[in-house]
Structure formats: structure tokens, C-alpha cells
Amino acid sequence: MAIDSAGGRCVSADIAAGISPAAALFHSLADETRLRIVQRLARGEARVVDLTTQLGLAQSTVSKHLACLRDCGLIDYRAEGRQSFYSLTRPELMDLLASAEQLLAATGHAVTLCPVHGTPDLAADHDLDRLGKQTGGHAAGEAVS
């Protein structure tokens, strides 16, 4: 599913029948707001009110983009009472975004798509994890017994 720029809503699979699944996937990720939502959900589930506050967007805007991502099967929600908690359904999505960051970095473009690479604290943790793997499980400065 992709947001119809004229109507601001997701285009149904029937209308978008001529679009390949790969093109539909990348089209759903071609919007900065949806990427920001995915980036936030990669850190854990969130309610619409959390997303509106953290992203500084209107509730209707967030809901519209959540619906698109849900239609694409990239996110889902669980109901708890009257609240809905949204989360990513496919962790592989973060691998795709990390690969996109590497590709863009190789072309000389700085990006922040994946929260592991885009958040200084998380990036440092990720780098320590990677260093630990390279040094046999011990990060720099860690005592080896």
C-alpha cells in the first residue's frame, strides 16, 4: 500500500494492482514520516499519542501513516483496554534500513534511517557489540580472564 498524494490515504491493492510487491514496499518507505514512525517503533511499541508527541505531528497524520504501514504488513497493533500499542511485525525491516544506510554512506550521503546507526547512544552500543564480536566477545578495555 502507498499513500495517495492527492487523497492522502492508502491506495488499495486492487487500485495498485499494477505495482509489484517490491515497488509497493519501497513506496511505503519513501515517506519521511513513515520512516520516522518505523524508526521510533524499532525502539519498542508505542501508542498513537506517544507518536504524536514524540514526532510533533497531528493525530490524524500519524493515524494515516500507521494505517499505510499496517496495510503493508510492516506494523501491527495489540489492544489493551481502549489503547492500541503499535509495533514492527518484521525485524528484517531494520536490516533493510541498515543496508540502505550503508549504501547511501558509500555514495557520500549521510543518513539516519536505522535507530541503531542514527542514535548516538545506540550506535555506540552497536559499535561495542560489533567490536566484542571481532575481539572474541570482549569489548575494548574489558578484562579477559
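Just above, that's the structure.
Residues numbered from 1 in each chain as written. Predicted model: local features only at pLDDT ≥ 70, side-chain atom pairs only at ≥ 80, totals over all residues. Heavy atoms only, no water.

Chemist: Honestly, the pattern of salt bridges in this entry has me stumped. Any pointers?
Modeler: Applying the stated criterion to the full structure yields 5 salt bridges. Between Asp76 and Arg70 there is a salt bridge, and its shortest N-O distance comes to 3.4 Å. Judged by relative accessible area, Asp76 falls into the partly exposed class, the value being 34%. Look at Arg70 and you get partly exposed, because its relative accessible area is 38%. Across the pair Glu92 and Arg90 runs a salt bridge, and its minimum N-O distance is 2.7 Å. Classification of Glu92 by relative accessible area gives partly exposed; the value is 41%. Here the salt bridges do not stand alone but share partners, grouping Glu45, Arg78 and Glu80 into one network. (Salt bridge = Lys/Arg side-chain N within 4 Å of Asp/Glu carboxyl O. Buried < 20%, exposed > 50% of the residue type's maximum accessible area, 1.4 Å probe, protein only.)

Chemist: Just checking my understanding: could you explain helix H4 (residues 59-71) for this structure?
Modeler: Two residues of an α-helix separated by three or four positions point the same way, owing to the 3.6 residues in each turn. For H4, with 13 residues, the first-to-last C-alpha span of 18 Å sits near the 18 Å given by 1.5 Å per residue. Of the positions making up H4, those classed as buried are Val62, His65, Leu66, Cys68 and Leu69. With its buried residues spanning 160° around the axis, H4 presents them on a single face. Phi for Gly73, located one or two positions after H4, is positive at around 80°. (Helix = DSSP H or I, 4+ residues; strand = E, 2+ residues; numbered from the N terminus. Expected span 1.5 Å × (residues − 1). Arc of directions from axis to C-beta.)

Chemist: How should I be thinking about the pairing of strand S3 (residues 75-80) in this particular structure?
Modeler: Regular strands place their side chains on alternate faces of the sheet. Bridging between S3 and strand S4 (residues 83-88) involves 6 bridges; their strand directions are antiparallel. Residue Arg78 lies in a different strand from S4, and its bridge partner there is Phe85. Where S3 folds back onto S4 in an antiparallel hairpin, the turn is made up of 2 residues, including Gly81, whose phi is positive at roughly 65°. (Pairing = 2+ DSSP bridges.)

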